[in-house]
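Observations on the model geometry
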Amino acid sequence: MIRILKTPLASLLVLVAAALPLTPSATGQTVAKPHDEAAATKAWPQQAVRGAHGMVATDEALGSQAGVEILKRGGNAIDAAVAVAFALAVIEPAAGNLGGGGFMLIRLADGKTTFFDYRETAPGKAKQDMYIGKDGKLDEEASVIGYKSVAVPGTVAGLELALKTYGTMKLADVMAPAIRLAEEGFRISGKLASEFEEESPGLESFPASRRTFLNNGQMWNAGDTLKQPELAATLKRIAKNGAAEFYRGETARMLADEMAKQGGMITLDDLAHYKPKVREVLRAKYESGGHAWEVLTAPPPSSGGVAVIEALNMLQNVPLKGWNDPQSVHMVAETMRRIFADRAAYLADPDFSDVPVAGLTAPCYAKERAATIDPAKASSSTNVRAGDPHACGSSSSNAAAPQTIVSLGEGPHTTHFSVVDAAGNAVASTYTLNDSYGSHVTCDAGFLLNDEMDDFTTQPGVPNTLYGLMQSGANAIAPGHRPLSSMTPTILLRDGKLSFVTGSPGGPTIISATLLSVINWMRLGMDAQAAINAPRFHHQWFPNRIRMEAEFPESMEQALRARGHDVERAWYGTPSLGHEAKLHKHMGLVNAIGIDPQTGDRLGAADPRDEGAAVGY
Ligand code: DON
């Protein structure tokens, strides 16, 4: 079931130089179902959903409704966001979670900003070489499937902290929609039924996953009702006893016992010591269209905020006309190429590594990076190295030596949602199990467990299993460390006022999808739905090519090729590894909310590439 790119560095470099332009060559395991097959048959909305008071945009109508239910009961955006996160853990099992981790960016109506980091951590027993066999080879499956792939979950602690810090309602109240959905069940959509089918090779290996998601092998059909009694019981215990239940109570004991029996690493001690972190929001200022803009975004251990700011800085003096203009696509793709080279070299858990954030996000550094772009011709990634980031006024950061990165083949398995309430409080939240259905293990307590260990550098010089990522030694596995992430919840202010709330799933393509949504809104002046519908493209240094969504016309491909770019359409599957190659027409699932500057209306723009739904009032 799992197909893996496993290439020693030396052959990897040969691959990079020679083979990569020819075929897609890395993989996910059971890679994302092309939900966009359904999207292709439905008309995409051209207008955002308008609401004068509150708005919630998520991947699932039921999730957005759960948020609005809380807003209408007098909750604020943080109450609603926590309600949405718990509800998605029930109705969007691929990504919504209790057993994973994520980030929540908050901007309150009074201007206060906070970033909650509830990324998973490596358990105490984790070792740098824990996925490397006696033969020196990486165990291809251990970091992505089963108990050994699971990092200490952060979601429940993070959600409780966010609620306690800025919410107004009790945990039990905001969890009520999730408990109801788990206990009474919900209607299985066509999308969910086909996802279960697609994921069945992994899910059937674990009895609780098989029972819950594969109907004990009978398989679910669209229209059936999915009830999750074990999950409902766990949610009720958390609602009653708080996050302490998950980390020190019955749920913790159940999880630790199961881990011990099944060869997992997580102990009671790991759970008891898990701590979400409050981090300073990353910020940058721009002028565009006669307005002063501020970008609020995710700090490390996300790589995304740094990358988005570096890109916006590099593009500041680049005229951008839109995505039917090959020159604009060329300049943005070349920018992406360089920010991904820097990501590979410098980004890691900031609690254990000296990440040169100030240098990477400095305008003068961006100017130097931008000067290496040839406006007429594509660079070759083999000649593009990570830069030497430095703050304005200093010449060098003495930062870590550049490393190589290769990353391919990611589909939407994470989930991003946005919430704005009537008072103007805003939440951008992205959380994940990593792969679709994480480790594929549903634990005895009824929730899926992440496989976030694979976001670490699992073996120096060898790409990690799920996404074929090469990352720096600073991202090596070590107890208590957080693996590097691409998740990039982001909020824009225009002339000091809330303007746009955005973010995406999609592994490295998270960075491109989020960046493009920001450019569409801030630089190109698109309306909210157009900013989400606009076609997306992605360049991540290696492979040395632009990946483009299906909507781009052939003429764009030709114009980019004329500039020397290798171009491919978005795809999933890896023919070289025995996968059936299929076009995955789209990248990212951006569920955003814009604010109408004239009326103050909330403009909910969910991503039509899947079944995103904005609900407002
Ligand atoms: O944190 C990260 O960057 C990854 N675990 C996100 C994975 C993801 O977006 C899955 N979708 N492709």
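Note: the structure precedes this text.
First things first, this report covers the structure right here in the doc. Model, not experiment: these values are computed from the prediction.

1. Some words on the sheet that holds strand 14 (residues 537-538)
Within the open sheet, the 3 strands sit side by side as 14-15-16. Their pairing is mixed. Each edge of the open sheet carries a strand with a single partner, namely strand 14 and strand 16 (567-569). Strand direction decides the pairing type here: strand 15 (residues 546-548) and strand 16, joined by 3 bridges, are parallel. Of the residues in strand 16, the one forming a bridge with Met548 is Arg569. Each of strand 15 and strand 16 is contacted by helix 20 (residues 554-562), which is oriented at about 155 degrees to strand 16, the strand it contacts most.

2. Digging into the pattern of salt bridges
Enumeration according to the criterion identifies 31 salt bridges in this entry. Note that Arg545 is salt-bridged to Asp566, the shortest N-O span being 3.8 Å. Here Asp566 lies in the loop between helix 20 and strand 16 and Arg545 lies in the loop between strand 14 and strand 15, a separation of 21 residues in the sequence. Relative accessible area serves as the criterion here: at 4%, Arg545 is assigned to the buried category. When the shortest N-O distance is used, the salt bridge between Arg561 and Asp566 registers 3.5 Å. Counted as one network, the salt bridges with shared partners bring together Arg545, Arg547, Glu557, Arg561, Asp566, Glu568 and Arg569.

3. Let's talk about the sheet that holds strand 12 (residues 490-494)
Spatially, 1-20-19-13-12-9-8 is the arrangement adopted by the 7 strands of the open sheet, whose pairing is antiparallel. Because the sheet does not close on itself, it has two edges, and the strands there are strand 1 (49-51) and strand 8 (282-288). Here the average twist between neighbouring strands, direction ignored, is 25 degrees. Judged from the 3 bridges that link them, strand 1 and strand 20 (residues 602-605) form a sheet pairing that is antiparallel. Bridging from a neighbouring strand, Arg50 pairs with Leu603 of strand 20. Here helix 14 (residues 304-314) sits on the sheet and contacts strand 8 and strand 9 (291-297); the angle it forms with strand 8, its principal contact strand, is near 25 degrees.

4. Remarks on the nonpolar core
Ranked by internal contacts, the top residues of the largest apolar core, which has 82 residues, are Leu98 and Leu235. The leading source of residues in this core is helix 4 (residues 77-91), at 14 residues. With residues near it in sequence (within four places) discarded, Leu235 still touches Phe86, Val90, Leu98, Met175, Ala178, Ile179 and Ala182. If you look at the next biggest cluster of nonpolar residues, it comprises 65 residues, including Trp323, Val518, Trp541 and Met556.

Procedures and definitions
Residues numbered from 1 in each chain as written. Predicted model: local features only at pLDDT ≥ 70, side-chain atom pairs only at ≥ 80, totals over all residues. Heavy atoms only, no water. Pairing = 2+ DSSP bridges. Helix = DSSP H or I, 4+ residues; strand = E, 2+ residues; numbered from the N terminus. Contact = heavy atoms within 4.5 Å. Axes fitted to C-alpha atoms, helices over the stretch in contact; angles between N-to-C directions. Salt bridge = Lys/Arg side-chain N within 4 Å of Asp/Glu carboxyl O. Buried < 20%, exposed > 50% of the residue type's maximum accessible area, 1.4 Å probe, protein only. Core = buried A, V, L, I, M, F, W, Y, C linked by side-chain atoms within 4.5 Å.

These values are about where atoms sit, not about what they do.
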